[in-house]
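# Residue-level structure breakdown
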Amino acid sequence: MRALVPLLSLFLLGTQAQHGAQWTYSVQISLPSTMQMTTADGTRYIAQQMHFHWGGASSEISGSEHTVDGVRHVIEIHVVHYNSKYKSYDVAQGAPDGLAVLAAFIELKDYAENTYYTSFISHLANIRYPGQNTTVTSLDIRDMLPADLQHYYSYQGSLTTPPCSENVHWFVLADSVKLSKAQVLRLENSLLDHENKTIQNGYRRTQPLNHRVVEANFVYPSNQEYVLASELQSYLSKINNNLSYLRRLLKR
Ligand SMILES: [Zn+2]
């Protein structure tokens, strides 16, 4: 994904409430309608639920649905919202401008346990099988998201789980959440199907962009720029070498 067009900021409101976590395609946390997000064009979206996509039984196999320049992250968070001009999520999901998903990546950080995830992860033991649900109190969704909510990629796309409808405004945050390896493993191995097999690789294959424009509201350092910078460095050191050679000649 590349930075193309600058956008304005995005913010979340009222994220502190009681949530119930339940099974769908993944661990799903139902969210209170007081949690909302207003996008740069003034559209207000109401939060519906938050869920996770992860990869294999080891942290080597990453499970994010989006890739940034080909890099797949360990886990991806989706906070699903619906446009506040519709009465409910059910009505909005059939409308062309109905949904918005705030997405963020989880990265693995050695040893550092993310304490904002401790209570959530410990509750996963209660929802090992499809259809089970549990109530998690004192969970702050804001703290479970990356610190920086101001910088993101954005595009019009579809839901990644059926019905995969093409009516989702995606906001993929540039900043990420860091979890310890133990936390990632617990999350990845938290769910079982009815045959007691661990549910893994819950992500959809990366879809072709099909001329969709991915915008970003920050300047993204492209590979091209890295190449230019390192070329410039080598030119500078060549000039430096030539100068010291000339100085030595002059001293003679
Ligand atoms: Zn999802």
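Residues numbered from 1 in each chain as written. Predicted model: local features only at pLDDT ≥ 70, side-chain atom pairs only at ≥ 80, totals over all residues. Heavy atoms only, no water.

Going by an unreviewed UniProt entry, the protein chain carries the name Carbonic anhydrase and comes from Prolemur simus. Of the comments in the UniProt record for the protein chain, the one headed Sequence similarities (unreviewed entry) reads "Belongs to the alpha-carbonic anhydrase family." (UniProt positions renumbered as here; feature names shortened; annotations may be inferred.)

## Details of the overall build of the protein chain
Each helix and strand counted, the protein chain has 5 helices and 13 strands in total. Across the 252 residues of the protein chain, 44% fall into the buried class. Taking the intrachain contacts of the protein chain between residues at least 6 apart in sequence as the baseline, contacts between residues at least 24 apart amount to 70%. (Helix = DSSP H or I, 4+ residues; strand = E, 2+ residues; numbered from the N terminus. Buried < 20%, exposed > 50% of the residue type's maximum accessible area, 1.4 Å probe, protein only. Contact = heavy atoms within 4.5 Å.)

## Re the coordination of the zinc ion
Protein-derived coordination of the zinc ion comes from His51 (NE2), His53 (NE2) and His78 (ND1), at a distance range of 2.0 to 2.1 Å. One chain supplies every donor to the zinc ion, and in sequence these donors are spaced H-x1-H-x24-H. Taken together, the residues span a long stretch of sequence, with histidine 53 in strand S5 (residues 44-54) and histidine 78 in strand S8 (residues 75-83) at a distance of 25 residues. With respect to class, histidine 53 is no different from histidine 78; both count as buried. (Donors = N, O, S within 2.8 Å, 3.2 Å for Na, K, Ca; no water.)

## A word on the nonpolar core
If you look at the biggest cluster of nonpolar residues, it comprises 37 residues, and the most contacted ones within it are Phe52, Ile77, Tyr117 and Phe120. No other element matches the 5 residues that S5 contributes to this core. Beyond its immediate chain neighbours, meaning those up to four positions away, isoleucine 77 contacts Met50, His51, Phe52, Leu102, Ala103, Ala104, Ile106, Tyr117, Met144, Leu145 and Val177. Ala92, Ala95, Phe105 and Val172 belong to the second largest nonpolar core, which has 19 residues in total. (Core = buried A, V, L, I, M, F, W, Y, C linked by side-chain atoms within 4.5 Å.)

## Regarding the environment of glycine 94
Here glycine 94 lies in the loop between helix H1 (89-92) and strand S9 (99-108). A sequence separation of 73 residues divides glycine 94 from asparagine 167, and the C-alpha atoms of the two residues are 8.1 Å apart.

## Examining the side chain of serine 190
Tracing the backbone shows serine 190 in the loop between helix H4 (181-188) and strand S13 (215-216). Of the residues examined, serine 190 reaches a relative accessible area of 3% and is grouped as buried. A distance of 2.7 Å separates a polar side-chain atom of serine 190 from the backbone oxygen of leucine 187. (Polar contact = N/O pair within 3.5 Å; in protein donor to acceptor, adjacent residues only side chain to side chain.)

## As for the pattern of salt bridges
One pass over the full model with this rule turns up 2 salt bridges. Lysine 85 serves as the salt-bridge partner of aspartate 97, at 2.6 Å between the closest nitrogen and oxygen. Of the two residues, aspartate 97 sits in the loop between H1 and S9 while lysine 85 sits in the loop between S8 and H1, which places them 12 residues apart along the sequence. A relative accessible area of 29% means that aspartate 97 is categorised as partly exposed. The class for lysine 85 is exposed, based on a relative accessible area of 55%. In this structure, the salt-bridge partner of lysine 178 is aspartate 175, at a minimum N-O distance of 3.8 Å. The exposure class of lysine 178 is partly exposed, given its relative accessible area of 34%. (Salt bridge = Lys/Arg side-chain N within 4 Å of Asp/Glu carboxyl O.)

## Regarding the confidence of the model for the protein chain
Per-residue confidence for the protein chain gives a mean pLDDT of 75, with 68% of residues at or over 70. Ranking the elements of the protein chain by mean pLDDT puts strand S2 (residues 16-23) last, at 48, and H1 first, at 92. The low-confidence segment residues 1-9 (pLDDT under 50) makes 39 contacts with residues lying over four places distant or belonging to another chain. (pLDDT = per-residue confidence, 0-100.)

## Let's talk about the environment of serine 84
Inspection of the secondary structure puts serine 84 in the loop between S8 and H1. By relative accessible area, which is 23% here, serine 84 ends up partly exposed. A sequence separation of 47 residues divides serine 84 from methionine 37, and the C-alpha atoms of the two residues are 9.8 Å apart. Leaving out residues up to four positions away in the same chain, serine 84 has contacts with Arg44, Tyr45 and Ile46.

## What about the side chain of serine 180?
Mapped onto the elements, serine 180 comes out in the loop between strand S12 (168-179) and H4. Ignoring anything within four residues of it in the chain, the contact list for serine 180 reads Lys109, Tyr111, Ala112 and Glu113.

## Points about the pairing of S9
With 8 of 10 residues buried, S9 lies mostly within the body of the structure. In the sheet, S8 pairs with S9 via 8 bridges, with the strands oriented antiparallel. By the bridge assignment, tyrosine 82 is partnered in S9 with leucine 99. (Pairing = 2+ DSSP bridges.)

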